Amino acid sequence: MAEGVYNEDSAFLTRVRDAVAEQERLSDRVDELRSTLKKQEKDVQAEEKSVNEEIASTVKKRRAEVEEGYDKQISVIKSKKKKAEAEKEKIVDAGKASRIKEESKEHVDDSKEAVKEMKKLFRKEGVPKFARSKLFYVLFMPDGPVEFGMMLFSYAFIFAGIPTLVTLLVRWFFLKDASEKTKTAVSIIIPAVLIVLFLLIIFLIYVKVKQRHIKTIRLGRKYRNMISKNDRRIREIKRTVEKDTDESQYDVRDVNERLEEIIREEEDVRDQKSSTLKTFDEETTIELKNEIEARRNPQLEALIRAKNETAVELDATEKALQEKSLEISQNYLSRLGEDFMKQDKLEDLLSILQSGQADTISDAIAYYKKPNKGTTEQK
């Protein structure tokens with residue numbers, strides 16, 4: 001069989017060359033179709049993604065717009081509600097203030113009268129004005145655990161706090177560069193001087209004011225106790241009124257009716273919002289999806305059709321390439337060998353036959369393989 005092939009002429013080589021050319025064309029076409037199909041698949045995926053993203057973004061935007069519309073209404077209602085609550089609070093506060101003033105009027109008047117009487121008494125007896133103060137009675141005639149505590153704190157501050165503070169200030173501002181000996185001396189002298197000075201002042205007040213006017217001071221103590229008692233009663237009245245949650249005694253009926261109406265209005269809007277969003281999620285979302293798909297699907301379907309057509313053509317071309325390759329393997333490859341299954345070499349063999357340099361394929365192959373055939377041709 002092989003021997004017969006080698007005796008074939010140029011017509012046989014032409015058939016082989018055409019078969020190889022067709023194989024190469026089909027192979028190139030397969031590569032081209034595979035590349036095209038890959039790109040078309042990406043285009044389809046990109047278009048599908050784009051459609052889904054548009055659906056998602058449109059649904060999200062439209063839903064947000066619906067929510068925003070209702071939220072604006074709720075915001076306006078809340079503003080009205082806040083204004084009504086502020087108005088109610090103002091009325092209640094004014095009512096409570098009026099109650100406190102009315103209920104504590106007797107105690108306030110008693111305290112004013114006590115202060116007035118105390119002033120007259122002290123002025124008549126020639127007692128210094130400062131002796132009527134609360135601080136004087138805390139320091140020189142305390143009454144009750146609270147004032148005793150205040151007295152201890154006050155004396156501690158006078159005899160320890162003030163001297164310490166003054167000493168620290170002097171050392172900080174005036175004795176920064178002084179020796180430790182000087183600083184120590186100052187730290188002893190200043191407190192000692194101040195303590196002696198304060199003791200002297202307190203002693204003088206005790207002797208010149210308290211002891212000299214002891215009867216008046218004791219009577220003033222009674223006035224101060226009366227004032228303190230009234231102050232405590234006023235504070236109790238204030239606490240009781242402020243804790244009282246019964247608003248029926250204040251003129252807030254109209255405001256409460258308005259508040260109830262505003263609350264109902266807010267509840268209605270919230271119910272409408274919930275119902276609208278439910279309808280949106282269950283129905284409008286599907287309508288938007290269908291609308292977008294109806295608009296975008298023609299382009300997507302065109303891409304899918306083109307991809308499918310390319311896939312069909314690729315399948316047919318791959319089959320044709322497989323058949324052509326099988327044909328070449330069965331009829332030509334085993335006869336001519338792999339080396340000559342190329343268009344350029346087949347063209348060379350055909351040229352040798354057509355130029356008369358060989359009569360058979362066997363002679364053409366031998367001539368092709370002959371060394372220095374170019375030099376021989378020149379000779």
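Now for a description of the structure that goes with this document. Just so we're clear, the structure is a prediction, and the values are computed from it rather than from any experiment. (Residues numbered from 1 in each chain as written. Predicted model: local features only at pLDDT ≥ 70, side-chain atom pairs only at ≥ 80, totals over all residues. Heavy atoms only, no water.)

**As for the side chain of Thr310**
Here comes step 1: The topology assignment puts Thr310 in helix α8 (residues 253-336).
Here comes step 2: Since its relative accessible area comes to 8%, Thr310 is described here as buried.
Here comes step 3: Among the polar contacts listed, one links the side chain of Thr310 to the backbone oxygen of Ala306, at a separation of 2.9 Å.
Here comes step 4: Setting aside chain neighbours within four positions, we find Thr310 in contact with Leu33, Thr36, Leu37 and Gln40. (Helix = DSSP H or I, 4+ residues; strand = E, 2+ residues; numbered from the N terminus. Buried < 20%, exposed > 50% of the residue type's maximum accessible area, 1.4 Å probe, protein only. Polar contact = N/O pair within 3.5 Å; in protein donor to acceptor, adjacent residues only side chain to side chain. Contact = heavy atoms within 4.5 Å.)

**Quick word on helix α9 (residues 343-354)**
Here comes step 1: Counted at 1.5 Å a residue, the expected span for α9 with its 12 residues is 16 Å, and the 16 Å between its end C-alpha atoms agrees.
Here comes step 2: Residues Leu346, Leu349, Leu350, Ile352 and Leu353 constitute the buried set of α9. The buried residues of α9 all sit within an arc of 160 degrees when viewed along its axis, so they share a single face.
Here comes step 3: Looking one or two residues past α9, Gly356 carries a phi angle of roughly 85 degrees, positive in sign. (Expected span 1.5 Å × (residues − 1). Arc of directions from axis to C-beta.)

**Some points on a negative patch on the surface**
Here comes step 1: A cluster of acidic side chains, namely Glu24, Asp28, Asp31, Asp344 and Asp348, defines a negative patch on the protein surface.
Here comes step 2: Elements represented by at least two residues in the negative patch include exactly α2 (10-103) and α9.
Here comes step 3: A total of 3 residues in the negative patch trace back to one element, the largest contributor, which is α2. (Patch = residues over 30% accessible without salt bridge, like charges linked within 9 Å, V, L, I, M, F, W, Y side chains within 5 Å. Areas by Shrake-Rupley, 256 points an atom, 1.4 Å probe, with all protein chains shown as cover. Salt bridge = Lys/Arg side-chain N within 4 Å of Asp/Glu carboxyl O. Lys, Arg positive; Asp, Glu negative; His and termini not counted. Charge placed at Lys NZ, Arg CZ, Asp CG, Glu CD.)

**Looking at the nonpolar core**
Here comes step 1: If you look at the biggest cluster of nonpolar residues, it comprises 23 residues, and the most contacted ones within it are Phe122, Val127, Ala131, Phe136, Tyr137 and Ile217.
Here comes step 2: Residue assignment for this core shows that the elements contributing at least two residues are α3 (105-125), α4 (134-140), α6 (180-211) and α7 (214-243).
Here comes step 3: The element that contributes the greatest number of residues to this core is α6, accounting for 6 residues.
Here comes step 4: Excluding residues that lie within four positions of it along the chain, Ala131 makes contacts with Phe122, Phe136, Tyr137, Val209 and Ile217.
Here comes step 5: Listed in part, the 18 residues of the second largest apolar core include Leu13, Val20, Ala358 and Tyr367. (Core = buried A, V, L, I, M, F, W, Y, C linked by side-chain atoms within 4.5 Å.)

None of the figures reported here should be taken as evidence of function without further support.
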